[in-house]
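Residues per chain are reported as follows:
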Amino acid sequence: MVAEVASGMVQGVQGEIIKIQADVGNGLPVFHMIGSLSNEVKEARERVRTALRNMGTVLPARRISVNFAPADLRKYGTFFDLGVAVALLLAMERLPDDRVKETIFLGELSLDGTLCPISGVLPIILEGEKKGYRRCIVPVENGEEASFAEKIEVYVFSSLEEVCDYLKYGEEGESGKIVISDEKSEQSLLPGTDFSEVHGQQMAKRALEIAAAGWHNIFLDGPPGVGKSLLASCMPGIMPDMTREEMIEITMIYSVKGLLHGGCSLIRERPFRAPSHLVTPAGMFGGGVIPRPGEISLAHHGVLFLDELPQYKKDLIEMFRLPLEEHAIELVRKDRTVEFPADFLLVTAANPCPCGYYPNLKRCHCSDRQIEKYRNKISGPILDRIDLFVRCDEISYKDFSNAREEEKSALKKRRIEAAWQIQKERFHGQDTAFNSRMSRMQIEKYCRLDEAGEKLMKEAFDLFRLTGRSYYKVLKVARTIADLDHSEQIRSIHLEEALHFRNIVFISPS
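Our subject in this report is the structure included herewith. Here the residue numbers are simple positions, counted from 1 along each chain's written sequence. Owing to the predicted nature of the model, reporting of local features is limited to residues with pLDDT of at least 70; listing and counting of side-chain atom pairs is limited to 80 or more, with chain, interface and lining totals taken over all residues. Neither water nor hydrogens contribute to the side-chain values; these are computed over all heavy atoms in the structure.

What follows deals with the packing of aromatic side chains. Pairs were defined over the aromatic rings of Phe, Tyr and Trp, the Trp ring being its six-membered one, requiring ring centres within 6.5 Å. Orientation was assigned from the angle between planes: stacked under 30 degrees, edge-to-face over 60, tilted for the rest. Applying the stated criterion across every chain, the model contains 15 aromatic pairs. Between F68 and F80, the ring centres sit 5.4 Å apart and the planes meet at 75°, which makes this aromatic pair edge-to-face. Taken together, the residues span a long stretch of sequence, with F68 in strand β4 (residues 63-69) and F80 in the loop between β4 and α3 (81-91) at a distance of twelve residues. Summary of the burial criterion: residues with accessible area below 20% of their type's maximum are buried, those above 50% are exposed, and those between are partly exposed, where the area comes from a 1.4 Å probe applied to protein chains only. Judged by its relative accessible area of 0%, F68 is buried. Using a relative accessible area of 1% as the deciding quantity, one classes F80 as buried. Counting every residue linked through ring pairs, the aromatic cluster contains F68, Y76, F79 and F80. For the cation-ring pair, K412 lies above F195, with the distance from its terminal atom to the ring centre recorded as 5.4 Å. Secondary structure elements are defined from DSSP: runs of H or I of at least 4 residues count as helices, runs of E of at least 2 residues count as strands, and each element is numbered from the N terminus. To sit over a ring, a charge needs its Lys NZ or Arg CZ within 6 Å of the ring centre and within 35 degrees of the ring normal.

Take a look at the structure:
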């Protein structure tokens, strides 16, 4: 008898349903597992054999074959242990098949039959939901995560024996459990910093508000200790709340990466990622023998902060060119291409020189050659992909002693929510979501300048040595500033402010 059970795995951040077929037939006693399997999948043979024996079921001395379909897809991970065990018991006619149909089995088995949690449950369950499966069985620790799929019943168990009891006796069995959660827990990713905690730096705060309102990349320049990192950590707090679809997308990414901790599952807050300058290309962009998402995917729908940008390897910085344009990253393997989402807001920061105090010549002792070498780590094409540049100057004693109350993040968030709503209505029915993503045709339609604006732009084009890309970026930023001002027309004052933030301060000294 050939028994078939549904299980699954993760490809990139997408789930794949895998059919496990088991046959116990006549022949020499052997246990074969086939279907393009990695070593950890092949090792399931011993885990399953031992778990069944410790449960009181010994595999017969017959020819046992287990196939994983489709055969041309490479299988990896420990997702399949439970599915293999159930398929074997079904083939041995130890279990009825009425509850096995339309059910997905996921979980790693320990040698004593305990079900161990796995990473990447949510994308598999969502894929199964699309393909019409009615229920899934997962380890207890993965139950809440799996329950975010709304159209599929989630059953959780702590051991293989409990699963078998449920399949034999149904919900009336002593071990059966069903996850029904009206209030699901959440996992916080926010640094928890408010703009009111940052003294001074009004220009930087304004630039960050514009960046969040139009999803514009931003560069913070200034000496150490002026609050660049603190300002960047405030960014997620002024962004509008995510939609449920965005929450699910981010939760899937963190699930695949194995970063959902304890009972916390749904991620409701926009991510803030600040990777070290020692991060590898695979750590930043994703990769590995089994492709896993990197930092740019973990920052999806949130903020990626690169502090001290020149400290990162130049080759790694240059690799940002494509993700900043495509908002995704593709990893090509010999038999497949894996795509990871990477729609993040880039916030970068840097000191103006190796010691950090240029152009204050009383404190800076770097030579022009040292400064030029330091700054040349960031190429023109990378700077051209950044929309806003702002200088964070040293804070005076007056700024610290001033009793004036700084504006809270909540007020900025309200203005940004209004600007997002304007963009939502403007681009209704189009692929574009933010001003920073406008095509050339959309720029010509929504970013028309009056006579004074045309004159100002003409003067600025040569003065700032604008390229075609940076010219359009100025118009996009001006459109966002006008949206924050609730103005349908881009006025000269909006364009002037956009040009002010296009004045790239991070250039080599002459």
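A word on the layout of surface pockets. Points on a 1 Å grid, built from protein atoms alone, make a cavity when a 1.4 Å probe fits but cannot get out and make a pocket when they are open with protein on both sides within 12 Å along at least 5 of 7 lines; residues with an atom within 4 Å of a point are the lining residues. Grid points are joined across faces, edges and corners, and a volume is the space filled by probe spheres set on the points. Taken as a whole, the largest pocket spans an internal volume of roughly 500 Å³. Taken together, 18 residues line the largest pocket, and the ones lying closest to its centre are T243, E246, W420, A433 and F434. Broken down by element, the lining of the largest pocket gets its largest block of residues, four residues, from helix α17 (residues 409-426).

A separate point is the side chain of Q11. One can find Q11 in strand β1 (residues 2-11). Residue contacts are defined here by distance: any two heavy atoms, one from each residue, within 4.5 Å place the two residues in contact. The contacts of Q11, once residues within four sequence positions are left out, are E16, L73, Y76, R336 and V338.

Moving on to the pattern of salt bridges. Between Lys or Arg on one side and Asp or Glu on the other, a salt bridge is scored when a side-chain nitrogen of the former is within 4 Å of a carboxyl oxygen of the latter. Throughout the structure, instances matching the rule amount to 30 salt bridges. The partner of R415 in a salt bridge is E209, with the nearest N and O atoms 2.7 Å apart. Remark: E209 occurs in helix α7 (residues 202-214) and R415 occurs in helix α17; sequence separation between them is 206 residues. Across the pair R391 and D393 runs a salt bridge whose closest N-O atoms are separated by 3.2 Å. Looking at D393, the relative accessible area reads 45%, which means it is partly exposed.

A few words on unusual backbone geometry. Between A69 and the following residue, P70, the backbone shows a cis peptide bond with an omega angle of 5°. Within the secondary structure, P70 sits in the loop between β4 and α3. Following Y358, the chain continues to P359 via a peptide bond in cis, the omega torsion being 10°. Structurally, P359 can be placed in the loop between β17 (345-350) and α14 (368-375).

Let us look at the nonpolar core. In summary, soluble globular proteins display a tendency toward joint burial of nonpolar side chains. Of all hydrophobic cores here, the largest spans 106 residues; its most connected members are V66, F68, L88 and F320. The dominant element in this core, judged by the number of residues it contributes, is α3, at nine residues. Counting 53 residues, the second-largest nonpolar core is a separate cluster that includes L231, A232, I443 and L495. To form a nonpolar core, buried Ala, Val, Leu, Ile, Met, Phe, Trp, Tyr and Cys residues must be joined to one another through side-chain atoms within 4.5 Å.

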